[in-house]
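Structure assessment
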Amino acid sequence: MQYTGHDNDNAVQQEHVLAKSDVETYHRDGILIPRWRLPPQRLAELRDAVDAMLAANPGVRPEKLVSAHVAEGTEGVKGHKAFLSLAQEPAILDMVEQLIGPDIILWGGHLFCKPAGDGLEVPWHQDGHYWPIRPLATVTVWVALDDSTVENGCLRVIPGSHADRRHYEHEKMAGDLALDRGLAPGSYDPDSARDVVLKAGQMSMHDVYLLHGSNANNSPHRRAGIALRYMPATSLFDRTIEVPNTTPGLKTDFARRPLWLMRGTNPAGNDLSIGHGNVM
Ligand SMILES: O=C(O)CCC(=O)C(=O)O
């Protein structure tokens, strides 16, 4: 069953300010599909950037293009400046500010590109399991760069699963997956899952505690989306916390991950200088 946001027509919606009811929806469901979407020209540039990244990273599975907004950091991926520029988009930042407040740090940008025919499944998980942010807080803006459909493995969510803000147990999963740890079967209700169907240029915003995942792409259509991660600068990106990442071919280096203060101040004293030696 589909998670229904706003109408899915093709027109570029200019209004990006979230209504009070949108903000309420986000807090109730842990997910929101805003009305605003990328203008066609911007979308075309980003799709070119996806192609450029795929060409520049032949040794990395396209679902594992972590830090796609960093030129060449310590995580084995050559990024593209179009994704940093997207993360700086004022309309997106305005919406993020409505959800997490005025002090905003960009700390991640993961390109999940599922090729046609053999796109990997993303097992059901909770993002916070993987991240060294205390107190744990992040909104992910997931921007569809291709049409994202049931057939090509769109994002799937369990609305409201974020609400009690508890950490679910994760376990090692068998098989070739985009992440190798996921929720234990039986710890969540798959019947309450909803498909987040988006046109290219649309986006969804989800809370760090929300249960989500996505199916493999066996369709003839590619499914690319970039997950931009924003945390309130009142939280600390704690570089001393070691987060185990055992997914083959996906390298994360939170100790040297660059952070960008996008808006406001930095009350938690996050280190904003580390990792900026080779950014765009
Ligand atoms: O792109 C997907 O299918 C999964 C995205 C995801 O897990 C995330 O944004 O945290």
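Residues numbered from 1 in each chain as written. Predicted model: local features only at pLDDT ≥ 70, side-chain atom pairs only at ≥ 80, totals over all residues. Heavy atoms only, no water.

A short note on the overall build of the protein
- Each helix and strand counted, the protein has four helices and 14 strands in total.
- Taken over C-alpha atoms, the radius of gyration comes to 17 Å for the protein, in line with the 19 Å a tight globule of 280 residues would show.
- Dimensions of the protein along its principal axes, counting C-alpha atoms only, are 45 × 40 × 40 Å.
- When contacts within the protein are restricted to residue pairs at least 6 apart in sequence, those whose partners lie at least 24 apart make up 82%.
- In the structure as shown, the protein presents an accessible area of about 11400 Å², 52% of it carried by carbon and sulfur atoms.
- The positive charge centre, built from 27 side chains, and the negative charge centre, built from 35, are 2 Å apart in the protein. (Helix = DSSP H or I, 4+ residues; strand = E, 2+ residues; numbered from the N terminus. Rg over C-alpha atoms; globule rule 2.2 N^0.38 Å. Contact = heavy atoms within 4.5 Å. Areas by Shrake-Rupley, 256 points an atom, 1.4 Å probe, with all protein chains shown as cover. Lys, Arg positive; Asp, Glu negative; His and termini not counted. Charge placed at Lys NZ, Arg CZ, Asp CG, Glu CD.)

Structural notes on the sheet that holds strand E2 (residues 104–114)
- Reading across from one edge, E1-E10-E5-E12-E2-E14 is the order of the six strands in this open sheet, with antiparallel pairing throughout. Each of the sheet's edge strands pairs with one partner strand only, and the pair in question is strand E1 (31–32) and strand E14 (260–263).
- Where E2 meets strand E12 (residues 223–232), 10 bridges bridge the pair, whose relative direction is antiparallel. Opposite Cys-113, over in E12, you have Ala-224 as the bridge partner.
- Sitting on the sheet, helix H4 (residues 90–100) is in contact with E2, strand E5 (139–144), strand E10 (203–207), E12 and E14, with an inclination near 50° to E12. (Pairing = 2+ DSSP bridges. Axes fitted to C-alpha atoms, helices over the stretch in contact; angles between N-to-C directions.)

Details of empty space enclosed by the protein
- Summed over all chains, the structure comprises two cavities of 30 Å³ or more.
- Taken together, 29 residues form the lining of the largest cavity, with His-110, Phe-112, Trp-131, Leu-179 and Arg-229 sitting closest to its centre.
- Contributions of two or more residues to the lining of the largest cavity are made by E2, strand E3 (122–126), strand E11 (211–214) and E12.
- Among the elements that take part in the lining of the largest cavity, E2 stands out by supplying five residues, more than any other. (1 Å grid on protein atoms, 1.4 Å probe; cavity = no way out; pocket = protein on both sides within 12 Å on 5 of 7 lines; lining within 4 Å. Points joined across faces, edges and corners; volume = space filled by probe spheres on them.)

So, the pairing of E5
- Along E5, six of the six residues are buried, which leaves the element largely enclosed by surrounding structure.
- Burial of the side chains of E5 extends over both faces: Val-139, Val-141 and Val-143 are buried on one face and Thr-140, Trp-142 and Ala-144 on the other.
- Across five bridges, E5 lies against E10 in antiparallel orientation. Note that in E10 the partner of Trp-142 across the bridge is Ser-204.
- For E5 and E12, the ladder comprises six bridges, and the chain directions are antiparallel. Each bridged residue has a counterpart across the sheet, and for Val-143 the counterpart in E12 is Ile-226. (Buried < 20%, exposed > 50% of the residue type's maximum accessible area, 1.4 Å probe, protein only.)

Topic: the environment of Asp-180
- Inspection of the secondary structure puts Asp-180 in the loop between strand E7 (170–172) and strand E8 (181–183).
- You can call Asp-180 buried: its relative accessible area is 4%.
- C-alpha separation for the pair Asp-180 and Pro-248, spaced 68 residues apart in sequence, amounts to 7.8 Å.
- Not counting residues within four places of it along the chain, the set of residues in contact with Asp-180 comprises Glu-171, Lys-172, Met-173, Thr-246, Thr-247 and Pro-248.
- Engagement of the side chain of Asp-180 in a polar contact is seen with the side chain of Lys-172, the distance being 2.7 Å. (Polar contact = N/O pair within 3.5 Å; in protein donor to acceptor, adjacent residues only side chain to side chain.)

Remarks on the nonpolar core
- The biggest cluster of nonpolar side chains holds 44 residues, and the ones touching the most others in it are Phe-83, Leu-111, Leu-145 and Tyr-230.
- Sorting elements by how many residues they give to this core places H4 first, with six residues.
- When sequence neighbours within four positions are dropped, the list of residues in contact with Leu-111 reads Val-50, Met-53, Pro-62, Glu-63, Lys-64, Leu-65, Ala-68, Phe-83, Leu-145, Gly-225 and Ile-226.
- Membership of the second largest hydrophobic core comes to 31 residues, among which are Ile-133, Ala-178, Leu-179 and Val-196. (Core = buried A, V, L, I, M, F, W, Y, C linked by side-chain atoms within 4.5 Å.)

Here we look at H4
- Every buried residue of H4 is accounted for by Ala-91, Ile-92, Leu-93, Met-95, Val-96 and Leu-99.
- Sitting at the amino-terminal end of H4 is Glu-89, which places a side-chain oxygen 3.1 Å from the backbone nitrogen of Ala-91.

Focus on the side chain of Lys-114
- Counting through the fold element by element, Lys-114 comes out in strand E2.
- Despite its burial, Lys-114 remains without a salt bridge, the nearest opposite charge being carried by Glu-63 at 7.4 Å.
- Within the structure, Lys-114 has its side chain in polar contact with the side chain of Ser-214 (distance 2.6 Å).
- Setting aside residues up to four positions removed in sequence, Lys-114 forms contacts with Glu-63, Gly-119, Leu-120, Val-122, Asn-152, Gly-153, Ser-214, Asn-215, Asn-217, Arg-222 and Arg-223. (Salt bridge = Lys/Arg side-chain N within 4 Å of Asp/Glu carboxyl O.)

From the geometry alone we can't say anything about function, so treat these as descriptive.
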